[in-house]
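# Examining the three-dimensional arrangement
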Amino acid sequence: MNRPSKLASAIKFGLIASVSTSAITVSTAAYAEEEAKVERIAVTGSRIQRQDMETASPVTVIDAATIKAEGFTSVDQMLQAQTSMAGAAVGSSTNNGADGVAQVDLRGMGSQRTLVLLNGRRMVNSGSGADSAVDLNSIPVAMIARVEILKDGASAVYGSDAIAGVVNIITKKDFEGFQIDVTGGMTDKSDGENGEVSALYGFNTDTGNYTFGAAYSERRGVIQSDRDWTDPGASSFIPNGSLGGMVKDDSGNWVDREESYDYTQDSFYQTPSKRYSLFANMTQELGDDLVLTGDILYTKRKSNQQLAPQPANLDLAVCEAGDDPATCLELDDDMIAAGIKPDDKGNVNYRKRMNDVGPRIYSQDTDTLRVSAGLAGSIDVNTGMDWDLSYTYGKNKAKTKVENSINATLMTEAIYADQDPWLTGQPMTDQDLLDSVAYTEEADGGNEQHVFSAGISGELFDLDAGAVAFAMGAEYRYESGYYNPDPIVVAGESTAAQQDPTDGNYNVISVFQEVSVPFTDKLTGEFALRFDDYSTFGNASTWKIGLTYEATDDLMIRTVAATGFRAPSVSELYGGNSGSYDYLTDPWATEENPQQDAQILVIRESDEDLQPEESESYTAGLVYSPSYVDGMSLTVDYWRFKVKNAIARMDTQNGLKNCKAGDQAACDMFNITMDGDLTKLTNTLTNVGYQDTSGIDFNLAYSFEALNLDWTVANDTTYLLNFEQDGVDYTNTIDGNFGAYAEFRNNFSIKAGQDDWSVMYFNRYIGEMDDLGAGTKVDSVLYHNVSASYYINDTWMLSAGVKNLTDEEPSTVSNGSDGGTVPEVYDTIGRQYFAGVTVKF
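These numbers were taken from a predicted model, which means no experiment stands behind them.

The next point concerns the state of the cysteines. What is meant by a disulfide is a covalent connection between two cysteines, made through their sulfur atoms. One pass over the full model with this rule turns up two disulfides. Linked covalently through their sulfurs, Cys319 and Cys328 form a disulfide whose S-S length is 1.8 Å. Measuring the twist about the S-S bond at about 100°, one finds the Cys319-Cys328 disulfide to be right-handed. Residues Cys319 and Cys328 agree in their burial class; the two are buried. One disulfide in the model links Cys659 with Cys667; its S-S distance is 1.9 Å. Across the S-S bond of Cys659 and Cys667 the torsion is about 100°, and the bridge reads as right-handed.

The next point concerns the pairing of strand 25 (residues 555-566). Sheet analysis places strand 24 (residues 538-550) next to strand 25, joined by seven bridges and oriented antiparallel. Following the sheet pairing, Tyr549 is matched in strand 25 by Ile557. In textbook terms, the turn of a hairpin is the stretch between consecutive antiparallel strands, and for strand 24 and strand 25 this stretch comprises four residues. Bridge count for strand 25 against strand 28 (residues 613-624) is twelve bridges, and the pairing is antiparallel. Paired with Val560 across the bridge in strand 28 is Thr619.

The next thing to look at is the packing of aromatic side chains. Inspection of every chain in the model, using the stated rule, returns 21 aromatic pairs. When the centroid spacing of 4.7 Å and the interplanar angle of 45° are considered together, the rings of Tyr730 and Phe738 count as tilted. Its relative accessible area of 5% is what places Tyr730 among the buried residues. Relative accessible area serves as the criterion here: at 35%, Phe738 is assigned to the partly exposed category. The structure contains a cluster of three or more aromatic residues connected by ring pairs, namely Phe178, Tyr201, Phe203, Tyr210 and Phe841.

Moving on to a negative patch on the surface. A cluster of acidic residues, Asp418, Asp420, Asp430, Asp432 and Asp435, forms a negative patch at the surface. Take Asp418: it is sitting in the loop between helix 7 (408-417) and helix 8 (431-437). Using a relative accessible area of 40% as the deciding quantity, one classes Asp418 as partly exposed.

The next subject is the nonpolar core. Core analysis: the biggest nonpolar cluster contains 40 residues, and Val75, Leu79, Ile139 and Ile169 have the highest contact counts within it. Those elements that provide at least two residues to this core are helix 4 (75-80), strand 2 (114-118), strand 4 (144-150), strand 5 (165-171), strand 29 (632-648) and strand 32 (709-725). Among the elements that make up this core, the one with the highest residue count is strand 29 (four residues). Ile169 has contacts with Val75, Val116, Leu117, Leu118, Asn119, Leu136, Ile139, Ile144, Arg146 and Val147, leaving out every residue within four places of it along the chain. In terms of nonpolar packing, the next biggest core, distinct from the first, is built from 27 residues, Val318, Ile340, Val357 and Ile406 among them.

Moving on to unusual backbone geometry. Backbone geometry follows two general trends: most residues other than glycine have a negative phi, and most peptide bonds adopt the trans configuration. The phi angle at Asn404 is positive, at roughly 70°, despite the residue not being glycine. As for its placement among the helices and strands, Asn404 is situated in strand 19 (residues 385-406). Positive phi is not limited to glycine here, since Asp726 has a value of about 50°. Note that Asp726 resides in the loop between strand 32 and strand 33 (728-729). You can call Asp726 partly exposed: its relative accessible area is 38%.

Let's shift gears to the sheet that holds strand 3 (residues 121-122). Pairing is mixed across the open sheet formed by five strands, whose spatial order is 1-4-5-2-3. A single partner strand is all that each edge strand has here, and the edge strands are strand 1 (59-63) and strand 3. By the bridge criterion, six bridges tie strand 4 to strand 5 in an arrangement that is antiparallel. Paired with Glu148 across the strands is Asn168, a residue of strand 5.

Attention now goes to the sheet that holds strand 34 (residues 733-735). What the four strands build is an open sheet, ordered 35-34-38-39; its pairing is mixed. Strands with a single pairing partner mark the edges of an open sheet, and in this sheet they are strand 35 (739-740) and strand 39 (777-778). With two bridges connecting them, strand 34 and strand 35 associate as antiparallel partners. If you follow Asp735 over to strand 35, its bridge partner there is Gly739.

The complete set of buried residues in helix 7 reads Ala408, Met411, Thr412, Ala414, Ile415 and Tyr416. Close packing links the buried residues of helix 7 with strand 16 (311-317), strand 17 (347-353), strand 19 and helix 8. For helix 7, the side-chain oxygen to backbone nitrogen distance between the N-cap and Thr409 is 3.0 Å, and the N-cap itself is Asn407.

Together, Lys395, Lys397, Lys399 and Lys401 line one region of the surface with positive charge. Judged by its relative accessible area of 38%, Lys395 falls in the partly exposed class.

Glancing now at the side chain of Asp827. Residue placement: Asp827 occurs in the loop between strand 41 (796-803) and strand 42 (832-840). For the buried Asp827, no salt bridge is present, and the opposite-charge side chain at shortest range is Arg764, 6.2 Å distant. Polar side-chain contacts of Asp827 include one of 2.8 Å to the side chain of Asn804. In this structure Asp827 touches Tyr783, Asn804, Glu808, Pro810 and Gln832, once residues within four positions along its chain are discounted.

It is worth spelling out a nonpolar patch on the surface at this point. On the surface, Phe519, Phe527, Leu529, Trp543, Ile545 and Leu547 cluster together into a nonpolar patch covering about 510 Å² of accessible area. Relative to the assigned elements, Trp543 resides in strand 24. Taking relative accessible area as the criterion, Trp543 reaches 37% and is therefore assigned partly exposed.

Oppositely charged side chains may form a pair once their charged atoms are brought near each other. Evaluated as defined, the whole model comprises 26 salt bridges. Among the ionic pairs, Arg566 bridges to Glu613, the shortest N-O distance being 3.0 Å. In this pair, Arg566 sits in strand 25 while Glu613 sits in strand 28, placing the two residues 47 residues apart along the sequence. The exposure class assigned to Arg566 is buried, which follows from its relative accessible area of 1%. Using a relative accessible area of 0% as the deciding quantity, one classes Glu613 as buried. Of the charged contacts, one joins Lys644 and Glu614 as a salt bridge, the two residues approaching to 3.8 Å between their closest N and O atoms. Of this pair, Lys644 sits in strand 29 while Glu614 sits in strand 28; the two residues are 30 residues apart in sequence, bridging distant segments of the chain. Lys644 sits in the partly exposed class, given a relative accessible area of 46%.

Criteria and cut-off values
- Residues numbered from 1 in each chain as written.
- Predicted model: local features only at pLDDT ≥ 70, side-chain atom pairs only at ≥ 80, totals over all residues.
- Heavy atoms only, no water.
- Disulfide = S-S within 2.5 Å.
- Buried < 20%, exposed > 50% of the residue type's maximum accessible area, 1.4 Å probe, protein only.
- Pairing = 2+ DSSP bridges.
- Helix = DSSP H or I, 4+ residues; strand = E, 2+ residues; numbered from the N terminus.
- Phe/Tyr/Trp six-rings, centres within 6.5 Å; stacked < 30°, edge-to-face > 60°.
- Patch = residues over 30% accessible without salt bridge, like charges linked within 9 Å, V, L, I, M, F, W, Y side chains within 5 Å.
- Areas by Shrake-Rupley, 256 points an atom, 1.4 Å probe, with all protein chains shown as cover.
- Salt bridge = Lys/Arg side-chain N within 4 Å of Asp/Glu carboxyl O.
- Lys, Arg positive; Asp, Glu negative; His and termini not counted.
- Charge placed at Lys NZ, Arg CZ, Asp CG, Glu CD.
- Core = buried A, V, L, I, M, F, W, Y, C linked by side-chain atoms within 4.5 Å.
- Contact = heavy atoms within 4.5 Å.
- Polar contact = N/O pair within 3.5 Å; in protein donor to acceptor, adjacent residues only side chain to side chain.

By themselves these figures say nothing about function.
Okay, structure coming up:
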C-alpha cells in the first residue's frame with residue numbers, strides 16, 4: 001500500500017477536525033489512538049474497510065466535544081444547525097402536529113429521504129406509529145462519540161431512504177473508567193430550563209471491552225406570548241361562540257363578529273419533554289480472528305405540547321316545519337333579523353373556542369428499543385479476506401393522548417337539546433354540560449424492524465498502483481408499523497378530522513457489492529451496485545460511481561454519480577384514510593355561501609400500489625491542502641439531486657379550479673362533482689412529484705499556533721443554486737408550510753486555548769429570503785454563540801456558554817407556521833445560558 005501523502009493526511013484531519021465549522025473540537029489524538037488499534041477503518045458511505053479516509057464522497061464529522069461546546073441538548077438541534085440542512089424538520093420547536101418527534105432534513109428534501117444509521121446499521125423508525133423516519137430523540141446525546149454526515153446519494157450502498165444522504169451516529173465504545181456529566185441551561189427570561197445527567201462506565205478485559213451508559217434529560221416549555229416580539233394570534237374561533245358569522249354582544253344583540261382569539265397565550269415555542277435512556281456496547285474476542293460486537297439502546301420519551309382550546313366547527317341543521325326541535329337548531333326572530341340563515345344545504349355554521357373546557361394538552365409516552373449484534377472474522381489472514389454477520393432488531397411503541405378534546409356528535413346533540421347555554425355569548429358555567437361533550441383522546445402505535453446481514457470484504461488482487469479492494473453481501477429486512485386512532489376519531493364524531501387505523505408490513509431481500517480500483521498512483525475508482533427485491537412493488541437496482549484524482553500532493557479532485565430510490569413506507573402504503581382541514585378557495589362560492597377562503601375537509605388516502613421514488617445525484621469537487629500553509633485544508637463541492645416519481649399528493653386547489661371549469665377528469669380524480677359538491681373531496685397519494693435541487697458547499701479548516709495558544713478556525717458555507725418541487729421554485733424562499741431554502745447559509749467558528757482551557761466563538765448566518773406567501777423580503781439573521789471549557793485536573797472539567805448572545809429575534813414570515821415565524825428555522829427562544837461539569841475517574 002502506498003504511503004499516505006500530505007493531502008491524504010489533510011483529508012483525514014479535515015474530516016476529523018471536520019470540514020465543517022461545528023466539528024472544530026475533535027480530539028485528533030483520541031482518534032489516532034483508535035486508528036492505531038485497527039488495520040482498517042470503516043467510512044460512512046462504503047462497506048469497504050480502508051487504511052485511510054480518502055473517498056470520493058463528501059463527509060462531515062461532528063464529535064461529542066463539539067456538541068458539548070455549542071450547548072446542544074439533542075441530536076436534531078445539532079444537525080439542523082448544519083448549513084447542508086434546509087426545509088423545516090420537526091423538533092423541539094414544533095408545537096403543532098409533530099407529537100414530540102425530532103427529525104433531520106438534509107438538503108430540505110424531506111426527512112424520509114435521509115437515512116439514519118446507528119453504528120453503521122439501520123435505526124428503527126419511531127414516533128407515534130407507522131412512521132416513515134427516525135425520531136432522533138431516541139438517541140441520547142450522552143452516548144454519541146461522533147456523527148458522520150454523508151452528503152451524496154447512497155442507495156447503492158445502504159438501500160432505500162438514502163436519496164439525500166446519510167447520517168451515521170457512532171456511539172461511545174472502548175471506554176475505560178467512570179464518567180459523570182451534568183449539564184443544564186435556561187433562557188435569560190428564566191424559562192425554557194433544560195438539563196441532562198449521564199453516567200458512563202467501561203472496563204477492559206484481556207479479550208474485550210464493555211461500556212455501559214445511562215442518561216436522563218428534561219426540557220421545559222416556553223409559551224409563545226412570553227416573548228415580546230410575538231404578535232398576538234388571530235383566530236375566528238372565539239370563546240363566546242359565533243353563529244353564521246354573527247356573535248352576541250353584551251346587550252344580547254346579534255352583531256358582526258369583529259373580535260378574534262389570541263392563541264399564542266396557550267402555545268409553546270419550546271415543547272416540554274423528559275427522556276430516560278440506557279445503552280451499552282461490547283467488543284469480545286472469541287478466538288483468533290473472531291470478534292463478537294454488540295450494542296443495545298433503550299429510550300423512554302415523555303413529551304408534551306399545548307395548543308389553544310379546541311375550536312369546535314359544527315354545521316347545525318336548521319329546523320323546518322314539522323321537524324323535531326330536539327334534532328335541529330331553531331332560529332328565533334332576532335337571529336333571522338340579524339341575517340342568520342341556513343345555507344343551500346339547510347345548515348348554519350356554529351363556531352366556538354372551547355376555553356370553558358381548557359387548552360388541548362398533547363402527551364406522548366414512547367418506548368424505543370434497539371439491539372444489534374455482529375460476528376466478524378478472517379477467512380485467511382494472509383489473503384486479507386474478512387467476513388461478517390449481523391442482526392439488528394428495533395421496536396418502537398407509543399401511547400398518545402389529547403386532553404380536552406371535544407366530541408362533535410355529543411356537542412351537536414347538546415345544542416339541539418338546549419341551545420340557550422351555547423348561544424348566550426357568555427362563558428359557560430354548567431360544568432356537567434361541558435364534561436358531557438369533552439373527552440381525552442387516546443391512540444397507540446408502533447414500528448418494528450428486523451435486519452439480517454452477511455458480507456465479505458478484502459483485497460482481490462494487486463495492480464501496479466495497489467490492491468483492488470471489494471465488499472459484497474446480502475441482507476434481509478422486515479418492516480412493520482401500525483397506528484390506532486381514538487375510537488371517537490375513527491367514528492368521525494370528534495371535532496378533529498376523522499381518521500382510520502393504519503396497519504401493514506413489508507420485507508426486502510438485497511444483494512450488494514462494492515469495488516475500489518487504484519487505476520494509477522493518482523486515480524482511484526469506486527463502484528457500487530445493489531439489487532433490492534420488495535414484497536410490495538417488486539425490485540429496484542441502483543449504482544454508484546466515484547473517482548478521486550490526486551492531481552498534486554496538495555490537491556485532490558473527486559466526483560460521484562449515483563442513482564437512488566425510496567420505497568413507499570408503511571403509512572404511505574397502508575395508511576388509513578384521514579381527514580385534513582386544508583385552507584382552500586371554493587370556486588363555487590355564491591352570495592348565499594360567500595366564504596371563499598375556508599378550511600375545507602379533504603379526505604387523504606394512501607395507495608397499496610405506490611411505486612418507489614427514483615433519484616439521480618451528482619457531486620464534484622476538490623480537496624486542497626496547501627503545503628505552504630501548514631494545518632489548512634479546504635474543500636469545494638458542487639452537488640445536484642433529482643427525484644422523480646416522488647410520492648406526493650396532487651394540487652387540491654388546482655383540481656377544484658379545473659373541475660369548476662368543466663374538466664370531468666379533475667372532478668373524478670378528487671371525487672367531487674361539477675356543481676360543487678365537496679362532501680367527498682379526496683386526495684390520494686400518487687407517484688406524481690419531483691424534486692430538483694443543486695448547490696455548492698465550501699468548507700475551511702485551519703489549525704495553527706500563535707501567541708502561545710493553539711488556534712482552530714473553521715468556516716462552512718452552503719450556497720443554494722436551485723430548489724424546485726412539484727412545479728414550484730422554492731429557491732431562496734421561506735414559507736410556513738415548506739420551511740426555508742435560503743440561498744446563503746454560513747457557519748463560522750474560532751477556538752483558542754492551551755492544555756487545560758479553551759474558548760470558542762461561533763456564529764450562524766441565514767441569508768435574506770423571499771416570503772413565498774407575501775412576495776416581500778424576510779430579513780437575514782446572524783446568531784452569535786460563545787463557550788469556554790476548563791480542566792481543573794484530570795478528574796474535573798467545567799464548561800459554560802451563551803447561545804444567541806445578542807438575543808436576536810426571529811424574522812417575521814407572513815404565513816409562518818407558528819407565532820408569525822417558522823420556529824423550525826429561526827431561534828424563537830432567545831438568549832440562553834448553559835453550563836456543565838464532567839467528572840472522570
